[in-house]
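# Structural overview for review
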Amino acid sequence: QNAIPRPSGYRVSWHANPDVEPHHFGSSHPMKPWRLTLTKQLVMAYGMHHAMDLYLARAATYEELAEFHHTDYLDFLQQVMPGDMEKPEKSESIVKYNFGDDCPIFNGLYEYCSLYAGGSLDAARKLCNNQSEIAINWSGGLHHAKKGEASGFCYVNDIVLGILQLLRHHPRVMYVDIDVHHGDGVEQAFWSTDRVLTVSFHKYDKDNFFPGTGARDSTGPSHPLNPGAHHALNVPLHDGIDDKSYIQLFKDIVGPCIETYKPGAIALQCGADSLGCDRLGCFNLNVGAHGACVAYVKTFNLPLLVVGGGGYTPRNVSRAWAHETSILLDAADLIDPNIPETVTFRNHFGPDYSLFPPLSEMRKLDNKNSRAYLNGLVQSVREQLRYIRG
Ligand code: ZLS
Ligand code: CA
Ligand code: ZN
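Overview of the structure. (Residues numbered from 1 in each chain as written. Chains lettered and ligands numbered in written order. Predicted model: local features only at pLDDT ≥ 70, side-chain atom pairs only at ≥ 80, totals over all residues. Heavy atoms only, no water.)

## A look at the coordination of the calcium ion (ligand 2)
At 2.4 to 3.1 Å from the calcium ion (ligand 2) lie its protein donor atoms, namely D177 (O), D177 (OD), D179 (O), H181 (O), S200 (OG) and F201 (O). Here the calcium ion (ligand 2) binds 6 donor atoms, and the angle range of 68 to 167 degrees at the metal identifies the geometry as irregular. We note that the donor set of the calcium ion (ligand 2) lies within a single chain, spaced as D-x1-D-x1-H-x18-S-F. Taken together, the residues D179 in the loop between β4 (173–177) and α7 (184–189) and F201 in strand β5 (residues 196–203) connect sequence positions 22 residues apart. Comparing D179 with F201, the two get one shared label, buried. (Donors = N, O, S within 2.8 Å, 3.2 Å for Na, K, Ca; no water. Tetrahedral: all angles 85-135°; square planar, octahedral: opposite > 155°, others 65-115°. Helix = DSSP H or I, 4+ residues; strand = E, 2+ residues; numbered from the N terminus. Buried < 20%, exposed > 50% of the residue type's maximum accessible area, 1.4 Å probe, protein only.)

Written as structure tokens, this is what we have:
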């Protein structure tokens, strides 16, 4: 595969540390950091690494993590060991900090957390220093982590840390989240400020789908004098949303949000569990549609922090994030949809060996989102935006 030419107009930076990849949540756990290895192999097989500035992410320091997280939580995260789960004297803290099946304690947990957080911090700093226009950290995007507890496979919130960095240089930052789950940790962190507008698209079912928050009428603090009022925007969806409706909805909502709020920078969480055939997800998107959302955000030409997130069918996560890397490089047209013969672990991409397998046809799923429901969402978002100024 020929190398992708380097774009002349703007710089794209890639922030990663290969030491994230071998961490293991446990064999039955859906989160597989190994999907990052597969993503990198695809990106390299296409020659995309020649078109970006590549940075080895450093570990976030304790002090950097403490910009958002409570130090008692960080101390625990730093000291806890795999065997502690069974120790009675540790059980109080384990419950308090929400460790367990979703957030297991594994070897190298603190290293894993500080490396993926370091990637997002480095990426945000490159944007602030004008050394990059688009900065990518596929190992980040862990949107559920709270100040003082782990949640939903997330231990430290690299997105919050990245946005805090962007806020040093930009009066307003917009956050967009296309993971199938609600971006509750990021929403909560910026709940009381008008300097961050959070926008999450997600499956919403209060009782049966994690984390159970993110209803349409959950828009920020209810007191009108609280500056954060109206600055959380939620797009709750039902099962099976398809390419056409999702792309239309995304543009109808994200476009007016950017035009109204006029952010100085955007953080985009690209959770790939919104794809069809995801092990945990229930949407029906193809790789092309997921990428179309990324492409749309890029058209606004704002400094862009791009992070990963969920995604539990590794072969499709890596397809999506490789395709999205090519979009961010303006090189999607130069990429062969047939996965190169030379890619390492090519067997994972069979039998089709395509970057765009027909995911939406592989699992029969009705779209439970009626046209009327989606139109109602767009209407209600328009009404919310009347309270927002840039
Ligand atoms: O957004 O639904 C839940 C919570 C439970 C059900 C599962 N049990 C284990 C705990 C209690 C109510 N948790 C979700 C979390 C989803 C996090 C998404 C993260 C992100 O994509 C960003 C990275 C959940 N869904 C599925 C599982 N947990 C889950 C499935 C299978 C297993 C294996 C390992 C562990 C226990 C058996 C597990 C969790
Ligand atoms: Ca989401
Ligand atoms: Zn998710």
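## Here we look at the pairing of strand β3 (residues 134–137)
The side chains of a regular strand alternate, residue by residue, between the two faces of the sheet. Every second residue of β3 is oriented toward a common face, with I134 and I136 on one face and A135 and N137 on the other, all of them buried. Pairing between strand β1 (residues 12–16) and β3: 3 bridges, direction parallel. Bridging from a neighbouring strand, W14 pairs with I136 of β3. (Pairing = 2+ DSSP bridges.)

## Some points on the coordination of the zinc ion (ligand 3)
Within the first shell, the zinc ion (ligand 3) binds the protein through D179 (OD), H181 (ND1) and D273 (OD), at distances of 1.9 to 2.0 Å. Each donor residue of the zinc ion (ligand 3) lies on the same chain, and together they follow the pattern D-x1-H-x91-D. Of the two residues, H181 is situated in the loop between β4 and α7 and D273 in the loop between β7 (265–269) and α9 (287–298); the sequence distance between them amounts to 92 residues.

## Regarding empty space enclosed by the protein
All told, the structure shown has 3 cavities of 30 Å³ or more when counted by the stated rule. The volume enclosed by the largest cavity comes to roughly 120 Å³. What lines the largest cavity is a set of 13 residues, and nearest its centre among them are W14, A16, E21, L36 and W138. Mapped by element, the contributors of at least two residues to the lining of the largest cavity are β1, α1 (34–45) and β3. (1 Å grid on protein atoms, 1.4 Å probe; cavity = no way out; pocket = protein on both sides within 12 Å on 5 of 7 lines; lining within 4 Å. Points joined across faces, edges and corners; volume = space filled by probe spheres on them.)

## A word on the environment of L65
By the element assignment, L65 lies in helix α2 (residues 62–65). As for L65 and S114, which are separated by 49 residues in sequence, their C-alpha atoms are 7.8 Å apart. Those residues within four positions of L65 in sequence are excluded, and the remaining contacts are A60, L74, Y110, S114, A117, V156 and L161. (Contact = heavy atoms within 4.5 Å.)

## Section: the site of ligand 1
Ligand 1 sits among 19 residues. The nearest are D102, H143, H144, D273 and Y312. At 2.6 Å, a side-chain N or O of D102 approaches a nitrogen atom of ligand 1. Within the complex, the protein chains bury 66% of what would otherwise be the 770 Å² of accessible surface of ligand 1. Its residues placed into classes, the shell around ligand 1 shows 7 nonpolar, 8 polar and 4 charged. (Near = heavy atom within 4 Å. Polar contact = N/O pair within 3.5 Å; in protein donor to acceptor, adjacent residues only side chain to side chain. Areas by Shrake-Rupley, 256 points an atom, 1.4 Å probe, with all protein chains shown as cover. Nonpolar A, V, L, I, M, F, W, Y, C, P; charged D, E, K, R; others polar.)

## Thoughts on the packing of aromatic side chains
Inspection of every chain in the model, using the stated rule, returns 19 aromatic pairs. Where F106 meets Y112, the ring centres are 5.6 Å apart and the plane angle is 70 degrees; that geometry is what we call edge-to-face. Neither F106 nor Y112 differs from the other in exposure class; each is buried. Among the aromatic residues, ring-to-ring pairing joins F25, Y73, F76, Y97, F99, F106, Y112, Y116 and Y155 into one connected group. Against the face of Y261 rests R172, its NZ or CZ located 5.8 Å from the ring centre. The side chain of R346 reaches across the aromatic face of Y353, ending 4.2 Å from its centre. (Phe/Tyr/Trp six-rings, centres within 6.5 Å; stacked < 30°, edge-to-face > 60°. Lys NZ or Arg CZ within 6 Å of the ring centre and 35° of its normal.)

## Observations concerning the packing of helix α8 (residues 243–261) against helix α12 (residues 371–385)
Their axes nearest at 10 Å, the elements α8 and α12 cross at an angle of 5 degrees. The orientation of α8 with respect to α12, classified from their angle, is roughly parallel. Facing α8, whose interface residues are S245, L249, D252, I253, P256, C257 and T260, α12 presents R371, L374, L377, V378, V381 and L385. Grouping the constituent residues of the contact of α8 with α12 by class yields 9 nonpolar, 2 polar and 2 charged. (Axes fitted to C-alpha atoms, helices over the stretch in contact; angles between N-to-C directions. Parallel < 35°, antiparallel > 145°, perpendicular 65-115°, else oblique.)

## Structural notes on the state of the cysteines
Tallied over the full model, the rule gives 0 disulfides. Of all cysteine sulfurs in the structure, the one in C293 sits closest to C257, which takes part in no disulfide; the separation is 13 Å. Free cysteine C270: the closest other cysteine sulfur is in C293, separated by 9.0 Å. Using a relative accessible area of 0% as the deciding quantity, one classes C270 as buried. (Disulfide = S-S within 2.5 Å.)

## Quick word on unusual backbone geometry
The residue after F210, namely P211, is reached through a cis peptide bond having omega -10 degrees. Note on placement: P211 falls in the loop between β5 and β6 (232–237). Here G350 and P351 are connected by a cis peptide whose omega angle stands at 0 degrees. As for its position among the elements, P351 is in the loop between α10 (314–328) and α11 (359–362). A positive phi is found at N98, a non-glycine position, where the angle reads about 65 degrees.

## Observations concerning the sheet that holds β4
For sheets, the rule is that strands pair by backbone hydrogen bonds, running either parallel or antiparallel. What the 8 strands build is an open sheet, ordered β2-β1-β3-β8-β7-β4-β5-β6; its pairing is parallel. The strands lining the two open edges of the sheet, one partner per strand, are β2 (53–56) and β6. In this sheet, adjacent strand axes meet at a mean angle of 15 degrees when their direction is disregarded. Sitting on the sheet, α8 touches β4, β5, β6 and β7, and the angle it makes with β5 is about 170 degrees.

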